[in-house]
Amino acid sequence: MLRKIASSSYLVWSFLFIIIPILMIGFLSFTSSEGSVNTGFSFDNYKRFMEPIYLKVLLRSVEIAFKATLICFLVGYPMAMILAKMDSKIRNLAVMLFVVPMWMNFLLRTYAWMTILGKNGILNKFLSLFHIAPMTFLYSEGAVLLGMVYNFLPFMVLPIYTVLTKMDKSLIEAAEDLGGNKGTVFRKIIFPLSLPGVVSGFSMVFMPAVSTFVITNLLSGGQYMLVGNLIEQQFLAVNDWHFGSAISMLLMVLILLTMSVMNRLGAGIGEEGSAGLW
């Protein structure tokens, strides 16, 4: 009885807050309007997005999101290994300290970087103590990447950390007993077995990075238009909900395709094991 009530509640919730909004966005994307009058079904909004100026925004969004994801991987994998190798008592405290910043509001965390990187910010005041010329890092692509990496890094570290802590240590010990050095053991045993966590981390970082608009608005000063900013602009500034809905649908398709590829890759890794990777 309780299971039926829970499943029914879930279906109602999904219908009201997931299916209906998606249907509304889909309907708006395939219609256009002149003033307050809908002009009927058309693909004009999707054709409009195929113009070079909008495709350039999409490609820039994918490029920056991929860079942020790659940096998160290069920084996050060693961090996950360090956490996994810690003593269990210290490890729990370290993981908690790593997760605590995520409890703070996303907007406030991003605003904090404006205070740090600003012309008269904390960083430049610190550099002035050593008579170093002030940096103009804020309002650049580097600042956007920094904001993305800072906000999304835990989504890369935690899946990899979880896989590493559950790894069978006897495999590593056996490889070492057979004469494998640390580099060989990592390349042949540790990294292949941790790939499911890497795949999860890539998808969990790339998806929010490609659709974010808050980080770009604050840390680039509006100088870098990404697809998330374009959608925000259409809904809030231009008031063209039809075109904004079409972009939202295309972005949702892109994210679903990315999730599908990552899930297939993760399933393939889980089925084939390390032997199928090299």
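Residues numbered from 1 in each chain as written. Predicted model: local features only at pLDDT ≥ 70, side-chain atom pairs only at ≥ 80, totals over all residues. Heavy atoms only, no water.

Engineer: Now, about the environment of Phe 15: what can you tell me, with residues and values included?
Structural biologist: You can see Phe 15 is positioned in helix H1 (residues 2-29). Residue Phe 15 is classed as partly exposed on the basis of its relative accessible area, which comes to 44%. Sequence-wise, Phe 15 and Leu 158 are 143 residues apart; in three dimensions their C-alpha atoms are separated by 31 Å. For Phe 15, the residues in contact, after removing those within four places along its chain, are Ile 20 and Pro 21. (Helix = DSSP H or I, 4+ residues; strand = E, 2+ residues; numbered from the N terminus. Buried < 20%, exposed > 50% of the residue type's maximum accessible area, 1.4 Å probe, protein only. Contact = heavy atoms within 4.5 Å.)

Engineer: Help me get a handle on helix H3 (residues 52-85), residues and values and all.
Structural biologist: Given 3.6 residues per helical turn, the α-helix brings residues three or four places apart onto the same face. Between its first and last C-alpha atoms H3 spans 49 Å; for 34 residues at 1.5 Å apiece the expected length is 50 Å, and the two agree. When the local axis directions of H3 are compared, the greatest deviation, roughly 30°, occurs at Gly 76, which is followed within four positions by the proline Pro 78. (Expected span 1.5 Å × (residues − 1). Bend = angle between axes of the 7 residues up to and from the residue.)

Engineer: A description of the packing of aromatic side chains should follow, citing residues and the corresponding values.
Structural biologist: For the coordinates displayed, the defined rule picks out 18 aromatic pairs. Between Tyr 77 and Phe 191, the ring centres sit 5.6 Å apart and the planes meet at 55°, which makes this aromatic pair tilted. Taken together, the residues Tyr 77 in helix H3 and Phe 191 in helix H9 (residues 182-211) connect sequence positions 114 residues apart. Each member of the pair, Tyr 77 together with Phe 191, is buried. With 5.7 Å between their ring centres and 50° between their planes, Phe 235 and Trp 241 make a pair best called tilted. (Phe/Tyr/Trp six-rings, centres within 6.5 Å; stacked < 30°, edge-to-face > 60°.)

Engineer: An account of the domain arrangement of the protein chain is requested, with residue identities and associated values reported.
Structural biologist: Much of the literature gives interface size as the accessible area that the parts lose upon coming together. Domain boundaries in the protein chain define domain 1 (7-31 + 38-42) and domain 2 (52-268). Domain 1 puts seven residues into the contact, and the matching count from domain 2 is eight residues. Interface of domain 1 and domain 2: buried area, both sides summed, is about 580 Å²; carbon and sulfur atoms make up 77% of it. Ranking the residues of domain 1 by area buried against domain 2 places Ile 25, Leu 28 and Ser 29 at the top, with a combined share of 66%. Where domain 1 packs against domain 2, one counts zero salt bridges. (Domains from an automatic or database assignment. Buried area = accessible area lost by both parts, 1.4 Å probe. Salt bridge = Lys/Arg side-chain N within 4 Å of Asp/Glu carboxyl O.)

Engineer: Give a detailed account of a nonpolar patch on the surface, specifying residues and quantitative values.
Structural biologist: Side chains of Val 12, Trp 13, Phe 15, Leu 16, Phe 17, Ile 18, Ile 19, Ile 22 and Leu 23 sit close together on the surface and give an oily, nonpolar patch of about 890 Å² of accessible area. As for its placement among the helices and strands, Val 12 is situated in helix H1. The class of Val 12 is partly exposed, set by a relative accessible area of 47%. (Patch = residues over 30% accessible without salt bridge, like charges linked within 9 Å, V, L, I, M, F, W, Y side chains within 5 Å. Areas by Shrake-Rupley, 256 points an atom, 1.4 Å probe, with all protein chains shown as cover.)

Engineer: Describe the pattern of salt bridges, naming the residues involved and giving the relevant values.
Structural biologist: The final tally for this structure, using the stated rule, is three salt bridges. The shortest N-O distance in the salt bridge between Arg 48 and Asp 240 comes to 3.0 Å. Taken together, the residues Arg 48 in helix H2 (residues 44-49) and Asp 240 in the loop between helix H11 (227-237) and helix H12 (241-272) connect sequence positions 192 residues apart. Across the pair Lys 67 and Glu 141 runs a salt bridge, and its minimum N-O distance is 3.1 Å. You can see Lys 67 sitting in helix H3 and its partner Glu 141 sitting in helix H7 (residues 141-166), a full 74 residues away along the chain. Given a relative accessible area of 24%, Glu 141 falls into the partly exposed group. When salt bridges that share partners are traced, they join Glu 63, Lys 67 and Glu 141 into one network.

Engineer: Can you explain the environment of Gly 180? Please cite residues and give values.
Structural biologist: Here Gly 180 lies in the loop between helix H8 (169-177) and H9. Beyond its immediate stretch of four places on either side in the chain, Gly 180 contacts Ala 175 and Val 185.

Engineer: Explain the nonpolar core to me, and be specific about the residues and the numbers.
Structural biologist: With 59 residues, the main nonpolar core has Tyr 77, Met 148, Leu 164 and Val 198 as its most contacted residues. Ignoring any residue separated from it by four or fewer positions in sequence, one finds Leu 164 in contact with Tyr 77, Ala 80, Met 81, Ala 84, Lys 169, Ile 190 and Ser 194. (Core = buried A, V, L, I, M, F, W, Y, C linked by side-chain atoms within 4.5 Å.)

Engineer: Before we move on, could you go through the packing of H7 against H9 and cite the residues and values that matter?
Structural biologist: Packing of H7 against H9 leaves a shortest axis separation of 8 Å and a crossing angle of 150°. Classified by the angle their axes make, H7 and H9 are roughly antiparallel. Every pair of crossing elements has a handedness; the one defined by H7 and H9 is right-handed. Packed against H7, whose contacting residues are Met 148, Phe 152, Phe 155, Met 156, Pro 159, Ile 160, Val 163 and Leu 164, the element H9 presents Ile 190, Leu 193, Ser 194, Gly 197, Val 198, Ser 200, Gly 201, Phe 202, Met 204, Val 205, Pro 208 and Ala 209 at the interface. Among the residues forming the contact of H7 with H9, the class breakdown is 16 nonpolar, four polar and no charged. (Axes fitted to C-alpha atoms, helices over the stretch in contact; angles between N-to-C directions. Parallel < 35°, antiparallel > 145°, perpendicular 65-115°, else oblique. Left-handed = near helix turned anticlockwise from the far one by under 90°. Nonpolar A, V, L, I, M, F, W, Y, C, P; charged D, E, K, R; others polar.)

Engineer: Could you give me a rundown of helix H4 (residues 88-99), with the residues and numbers involved?
Structural biologist: Taking 1.5 Å per residue as the helical rise, H4 with its twelve residues ought to reach 16 Å, and the 16 Å between its terminal C-alpha atoms agrees with that figure. Taken together, the buried positions of H4 are occupied by Arg 91, Ala 94, Val 95, Phe 98 and Val 99. The buried residues of H4 occupy an angular sector of 130° when projected down its axis, which confines them to one face. Exposed positions of H4 whose direction lies more than 90 degrees from the buried face are Lys 89, Ile 90, Asn 92 and Leu 97. (Arc of directions from axis to C-beta.)

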